[in-house]
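Survey of secondary and tertiary structure
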Amino acid sequence: MAIHQRPTSAFVGASWLALLVGVITYLVGLWNATMQLNEKGYYFTLLLYGLFAAVSLQKSVRDRMEGIRVTSLYFGLCWVSVLAALVLLGVGLVNSTLAPSEKGFYAMSYALSLFAAVAVQKNVRDSVEPVEALQEKV
């Protein structure tokens, strides 16, 4: 039987702070950018898609580790989605007319956001009592 250890308050707080910093800086950068609205929409959609894909992949990996059935098709789609989001961001930045410092800004805030989303999902999952503990209380 695995020992269930909850994440510390410091780690939970740091994860949420990293997610907020990453997402807010990315969005502030988009808000202040001089690019066309359709280009801003492209980068905004990539942020949403990337966050969802990263959280979904983390959940699928965790489910498999805990013996919860995840179909290979869904698991594969999660990987494809994360990779597609990263490739699309990379292609968009390489082909944009942004300054190299702006490209780095978007890449780093995007990477921070995706990493932090995975950490927040992990903390949420670890904060929930395992099913075995709940069944013992009944």
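Keep in mind that what you see is a predicted model, and the values were worked out from it rather than measured.

Our next topic: the overall build of the protein. Within the protein, the secondary structure is distributed over 5 helices and 0 strands. The order of helices and strands in the protein, counted from the N terminus, is α-α-α-α-α. Going through the 138 residues of the protein one by one, you find that 35% of them count as buried. Taking the intrachain contacts of the protein between residues at least 6 apart in sequence as the baseline, contacts between residues at least 24 apart amount to 73%. Of the roughly 8900 Å² of accessible surface on the protein, 72% is carried by carbon and sulfur atoms.

As a further point, take the environment of Ser-60. Within the secondary structure, Ser-60 is located in helix 2 (residues 37–65). Given the relative accessible area of 2%, Ser-60 is considered buried. Remark: the alpha-carbon pair of Ser-60 and Gly-76, spanning 16 residues in sequence, is separated by 9.9 Å. Setting aside its immediate chain neighbours within four residues, Ser-60 contacts Val-70, Tyr-74, Phe-75 and Cys-78.

Looking now at the nonpolar core. One recurring pattern in soluble globular proteins is that nonpolar side chains are buried together. Membership of the largest hydrophobic core comes to 21 residues, with the highest contact counts inside it found for Tyr-26, Tyr-106 and Tyr-110. Ranked by the residues each element gives to this core, the list is headed by helix 4 (residues 100–127), at 6 residues. Among all residues touching Tyr-26, those that are not within four sequence positions of it are Tyr-43, Leu-47, Leu-89, Phe-105, Tyr-106, Ser-109 and Tyr-110.

Per the counting criterion, the structure on display carries 6 salt bridges. A salt bridge links Asp-63 to Arg-125; its shortest N-O distance comes to 2.4 Å. Within this pair, whereas Asp-63 is found in helix 2, its partner Arg-125 is found in helix 4, the two being separated by 62 residues in sequence. Here Asp-63 and Arg-125 have matching classes, each one buried. Between Asp-126 and Lys-122 there is a salt bridge, with its nearest N and O atoms 2.4 Å apart. Residue Asp-126 and its partner Lys-122 are located together in helix 4, separated by 4 residues, close to a single helical turn.

About the cut-offs
Residues numbered from 1 in each chain as written. Predicted model: local features only at pLDDT ≥ 70, side-chain atom pairs only at ≥ 80, totals over all residues. Heavy atoms only, no water. Helix = DSSP H or I, 4+ residues; strand = E, 2+ residues; numbered from the N terminus. Buried < 20%, exposed > 50% of the residue type's maximum accessible area, 1.4 Å probe, protein only. Contact = heavy atoms within 4.5 Å. Areas by Shrake-Rupley, 256 points an atom, 1.4 Å probe, with all protein chains shown as cover. Core = buried A, V, L, I, M, F, W, Y, C linked by side-chain atoms within 4.5 Å. Salt bridge = Lys/Arg side-chain N within 4 Å of Asp/Glu carboxyl O.

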